Amino acid sequence: MTNINDADVREILRPHRDGGLISRLYATGEITGETVQAIGTAADRLYMNGQDVERDRLEDVIGYVREAGERPSVTGWVAKL
């Protein structure tokens, strides 16, 4: 089980908004079957740039997404931060 909550997810994802799946999770809480892959790609870029701490934070979000599973937009999601 991951130790992060909805507000943590939004804060971690803020600098990684991509106009796609990461942005949708950030803005609405929506999780699709491809969300883990999108976050993983962002984490890989951070790894390649030596940003291990930020990469680890995205790995925490991946754990959160896997636990939550696919879901539509979450009512009240923007109020979580």
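Residues numbered from 1 in each chain as written. Predicted model: local features only at pLDDT ≥ 70, side-chain atom pairs only at ≥ 80, totals over all residues. Heavy atoms only, no water.

Side note on the packing of aromatic side chains
Note on aromatic pairs: each is described by the distance of the centres and the angle between the planes. Under the convention used in this document: Note on ring pairs: Phe, Tyr and Trp rings are taken, using the six-membered ring of Trp, and paired if centres are within 6.5 Å. Classes follow the plane angle, with under 30 degrees stacked, over 60 edge-to-face and the rest tilted. Ring-over charges, as used throughout, are those where CZ of Arg or NZ of Lys falls within 6 Å of the ring centre and within 35 degrees of the ring normal.
Scanning the model with the defined rule gives zero aromatic pairs in all. Across the ring face of Tyr-26, the terminal group of Arg-17 is positioned such that the distance to the ring centre comes to 4.7 Å.

Observations concerning the confidence of the model for the chain
We count it as follows: Note: pLDDT gives the predictor's confidence per residue, expressed from 0 to 100. Note on conventions: DSSP H or I runs of at least 4 residues are helices, E runs of at least 2 residues are strands, and numbering of each starts at the N terminus.
Put simply, the chain has an average pLDDT of 93, and 95% of its residues get 70 or more. Mean pLDDT per element in the chain: helix H1 (residues 6-13) is the minimum at 95, and helix H2 (residues 21-28) is the maximum at 97.

Some points on helix H4 (residues 52-68)
An α-helix turns once every 3.6 residues. As a result, residues three or four positions apart point the same way. Quick reminder of the rule: What a helix should span is 1.5 Å times the count of its residues minus one. Burial classes: relative accessible area under 20% of the type maximum marks a residue as buried, over 50% as exposed, and values in between as partly exposed (1.4 Å probe, protein chains only). This arc is built from the directions going out from the helix axis to the C-beta atoms. Every residue pair with non-hydrogen atoms within 4.5 Å of one another is taken to be in contact.
With 17 residues, H4 should reach 24 Å at 1.5 Å per residue; the first-to-last C-alpha distance of 24 Å fits that figure. Every buried residue of H4 is listed here: Leu-58, Val-61, Ile-62, Tyr-64 and Val-65. Taken around the axis of H4, the buried residues stretch over an arc of 160 degrees, which confines them to a single face. Residues Val-53 and Arg-66 are exposed on H4 and point more than 90 degrees away from its buried face. On the buried face of H4, the contacting elements are H1, H2 and helix H3 (35-48). Of the residues one or two after H4, Gly-69 is the one with positive phi, at around 75 degrees.

Here we look at H1
To keep it simple, the criterion reads: Polar contacts, as counted here, are pairs of nitrogen or oxygen atoms within 3.5 Å of one another; within protein the pair requires one atom able to donate a hydrogen and one able to accept it, and residues that are adjacent in sequence qualify only if both atoms are side-chain atoms.
Every buried residue of H1 is accounted for by Asp-6, Val-9, Arg-10, Ile-12 and Leu-13. Taken around the axis of H1, the buried residues stretch over an arc of 165 degrees, which confines them to a single face. The elements touched by buried residues of H1 are H2 and H4. Where H1 begins, one side-chain oxygen reaches toward the backbone nitrogen of Ala-7, 3.0 Å away; that side chain belongs to Asn-5.

Overview of the nonpolar core
What counts here: Side-chain atoms within 4.5 Å link the members of a nonpolar core, which is a set of buried Ala, Val, Leu, Ile, Met, Phe, Trp, Tyr and Cys residues.
Counting residues in each nonpolar core, the largest one holds 19 residues, and the members touching the most others are Val-9, Leu-13, Leu-25, Ile-39, Leu-58, Val-61 and Val-65. Not counting residues within four places of it along the chain, the set of residues in contact with Ile-39 comprises Ile-22, Leu-25, Leu-58, Val-61, Ile-62 and Val-65.

Notes on the pattern of salt bridges
Which entries qualify depends on this criterion: The salt bridge definition used is simple: a Lys or Arg side-chain nitrogen within 4 Å of an Asp or Glu carboxyl oxygen.
Scanning the model with the defined rule gives four salt bridges in all. Notably, a salt bridge pairs Arg-55 with Asp-52, separated by 3.9 Å at the nearest N-O pair. With Arg-55 and Asp-52 both in helix H4 and three residues apart, this pair spans about one turn of that helix. Judged by its relative accessible area of 36%, Asp-52 is partly exposed. Of the charged contacts, one joins Arg-57 and Glu-54 as a salt bridge, the two residues approaching to 3.5 Å between their closest N and O atoms. In this pair, Arg-57 and Glu-54 both sit in helix H4, three residues apart, roughly one turn of the helix. Judged by relative accessible area, which is 30%, Arg-57 ranks as partly exposed. One network of salt bridges, with partners in common, ties together Asp-52, Arg-55 and Asp-56.

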